[in-house]
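Here is what each chain is made of, one letter per residue.
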Amino acid sequence: LQAVFGVIPNIRSKGLGAKKVLQKLFKLRIEEDANGGPELNGFKTPQQQTRHDIDTLVIIDREVDLVSPLVTPLTYEGLMDEL
């Protein structure tokens, strides 16, 4: 995701599973910096450190958020606006 849209500066997580995903994301980010930048389908992409098409990523564990699979996308979008 970050190889296509640039580095996401704000990442929030809720729940144990989301925390593990967040840790893996940070580990991959460190590895990309060590290797000289992100790769997309095996090809090096230009450094996108200053590009931020996505401002915030919210990762929510399903064990914490049991309601969202039951609500419609319109209602879910309204819930996200509340954050």
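Chemist: Just to check I follow, could you spell out the overall build of the protein for this structure?
Modeler: In terms of regular secondary structure, the protein is built from three helices and four strands. For the protein, the N- to C-terminal ordering of α and β elements is α-β-α-β-β-β-α. Taking all 83 residues of the protein together, 19% fall into the buried category. Taking the intrachain contacts of the protein between residues at least 6 apart in sequence as the baseline, contacts between residues at least 24 apart amount to 66%. For the protein, the computed accessible surface area is about 6,400 Å², with 59% contributed by carbon and sulfur atoms.

Chemist: Would you mind going over the confidence of the model for the protein with me for this structure?
Modeler: Residues shown with low pLDDT carry predicted positions that ought not to be read at fine detail. Residue-level pLDDT values for the protein average 76, and 67% of them are 70 or greater. When the elements of the protein are averaged for pLDDT, strand β3 (residues 43-44) gives the smallest value, 46, and strand β1 (residues 10-14) the largest, 91.

Chemist: I would appreciate a short explanation of a nonpolar patch on the surface in the present structure.
Modeler: Taken together, the side chains of L1, V4 and F5 present a nonpolar region at the surface, about 260 Å² in accessible area. Assignment of secondary structure puts V4 in helix α1 (residues 2-5).

Chemist: What exactly am I supposed to notice about the nonpolar core here?
Modeler: A general trend in soluble globular proteins is that nonpolar side chains are found buried together. Within the largest apolar cluster, five residues are counted, these being I8, I11, A18, L22 and I59. Ignoring anything within four residues of it in the chain, the contact list for A18 reads S13, I59, I60 and D61.

Reading the values: rules and limits
- Residues numbered from 1 in each chain as written.
- Predicted model: local features only at pLDDT ≥ 70, side-chain atom pairs only at ≥ 80, totals over all residues.
- Heavy atoms only, no water.
- Helix = DSSP H or I, 4+ residues; strand = E, 2+ residues; numbered from the N terminus.
- Buried < 20%, exposed > 50% of the residue type's maximum accessible area, 1.4 Å probe, protein only.
- Contact = heavy atoms within 4.5 Å.
- Areas by Shrake-Rupley, 256 points an atom, 1.4 Å probe, with all protein chains shown as cover.
- pLDDT = per-residue confidence, 0-100.
- Patch = residues over 30% accessible without salt bridge, like charges linked within 9 Å, V, L, I, M, F, W, Y side chains within 5 Å.
- Salt bridge = Lys/Arg side-chain N within 4 Å of Asp/Glu carboxyl O.
- Core = buried A, V, L, I, M, F, W, Y, C linked by side-chain atoms within 4.5 Å.

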